[in-house]
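Coordinate inspection notes
Okay, here's what each chain looks like letter by letter:
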Amino acid sequence: MKLASARTTAPSALRPIVIGLLGVAALTASSYISVPMYPVPITLQTVVVLLMGALLGPRMGGAIVLSWLALSMTGAPVLADGKSGLVAFAGPTAGYLAAFPLAAFLAGHLPKGDRFAAHGLRLAGFLGLHALVLTLGWAWLSGFVGAETAFAAGVVPFLIGALLKSGLATGIYAAWKGTDKQGGEH
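Described below are features of the structure shown in this document.

About the criteria used
Residues numbered from 1 in each chain as written. Predicted model: local features only at pLDDT ≥ 70, side-chain atom pairs only at ≥ 80, totals over all residues. Heavy atoms only, no water. Core = buried A, V, L, I, M, F, W, Y, C linked by side-chain atoms within 4.5 Å. Buried < 20%, exposed > 50% of the residue type's maximum accessible area, 1.4 Å probe, protein only. Helix = DSSP H or I, 4+ residues; strand = E, 2+ residues; numbered from the N terminus. Contact = heavy atoms within 4.5 Å. Axes fitted to C-alpha atoms, helices over the stretch in contact; angles between N-to-C directions. Parallel < 35°, antiparallel > 145°, perpendicular 65-115°, else oblique. Left-handed = near helix turned anticlockwise from the far one by under 90°. Expected span 1.5 Å × (residues − 1). Bend = angle between axes of the 7 residues up to and from the residue. Patch = residues over 30% accessible without salt bridge, like charges linked within 9 Å, V, L, I, M, F, W, Y side chains within 5 Å. Areas by Shrake-Rupley, 256 points an atom, 1.4 Å probe, with all protein chains shown as cover. Salt bridge = Lys/Arg side-chain N within 4 Å of Asp/Glu carboxyl O. Nonpolar A, V, L, I, M, F, W, Y, C, P; charged D, E, K, R; others polar.

Side note on the nonpolar core
- Grouped together as the largest cluster of nonpolar side chains are 36 residues, with contacts concentrated most on Leu27, Val49, Val65, Trp68, Leu79, Phe100 and Phe126.
- For this core, the secondary-structure elements that each account for two or more residues are α1 (2-32), α2 (45-56), α3 (58-73), α4 (94-107), α5 (116-145) and α7 (156-183).
- Aside from chain neighbours lying at most four places away, what touches Leu27 is Gln45, Val48, Val49, Ile64, Val65 and Trp68.

A short note on the packing of α2 against α4
- Interaxial distance between α2 and α4 falls to 6 Å at its minimum, and their mutual angle equals 40°. Our classification of the angle between α2 and α4 gives oblique. Judged by the twist between their axes, the crossing of α2 over α4 is right-handed. Contacts between α2 and α4 involve Gln45, Thr46, Val49, Leu50, Gly53 and Ala54 on the former and, on the latter, Phe100, Ala103, Ala104 and Ala107.

Concerning α4
- Over its 14 residues, α4 extends 20 Å from the first C-alpha to the last, a length consistent with the 20 Å expected when each residue adds 1.5 Å.
- Of all the bends in α4, the greatest, near 30°, is centred on Phe100, and the proline Pro101 appears no more than four residues after it.
- Here α4 lies mainly inside the structure; ten of its 14 residues are buried.
- When α4 is considered as a whole, its buried residues turn out to be Ala94, Gly95, Tyr96, Leu97, Ala99, Phe100, Pro101, Ala103, Ala104 and Ala107.
- Lining the buried residues of α4 we find α2, α3, α5 and α6 (147-154).

Quick notes on unusual backbone geometry
- Even without glycine at this site, Asp81 takes up a positive phi of about 60°.
- Take Asp81: its relative accessible area is 43%, and that puts it in the partly exposed class.

Thoughts on the side chain of Ser72
- Within the element layout of this structure, Ser72 appears in helix α3.
- Ser72 has contacts with Val78, Leu79, Lys83, Ser84, Gly85 and Phe89, leaving out every residue within four places of it along the chain.

With respect to a nonpolar patch on the surface
- On the surface, a nonpolar cluster with roughly 500 Å² of combined accessible area is contributed by Leu14, Ile17, Val18, Leu21 and Leu22.
- Residue position: Leu14 is located in helix α1.

Things to note about the packing of α5 against α6
- Where α5 meets α6, the axes come as close as 8 Å, and the angle between the chain directions of the two elements is 130°. Our classification of the angle between α5 and α6 gives oblique. Of the two elements, α5 crosses α6, and the hand of that crossing is right-handed. The residues of α6 that touch α5, namely those facing Leu134, Trp138, Leu141, Ser142 and Val145, are Ala147, Thr149, Ala150, Phe151 and Gly154.
- For the contact of α5 with α6, the per-class residue count stands at seven nonpolar, three polar and no charged.

Below, the structure is given as structure tokens:
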């Protein structure tokens, strides 16, 4: 009986580790899908950050983002343009990076339902969380280039993208949860 119990506990104990590794891999991949801009590149990171929280919950989503950032601090080239190390956390993009774990955590508190109203509220939440990331990024970037230049270079070019990425995240969430229902998982 103990052997059967050990077999069922091992996969369940490994599940969060596998999910965490896949989450870090997804964040890394989203970092490499970028449009180079100065001082902040356009990436798909925020889509993945928001989905980590929305799909996996506030603690797991936030923990995955923090793990990804910690991996970067160790020198792993997981950030946009292959950047890593402590320099990335002192440079122009540090405010955006600092906002990511908070955004993932808060995304975990967005509505979970499958009704139209829940999708609308989730879209609004994703837009608000993009605004949070852009605001914290702008505040940090202002220390480097001044408030007006930071707004022009670190917020305005990202507004259309924030709208599109919020819609994309909402659609991916709905599709993912629809697949869960068809597979009988909840």
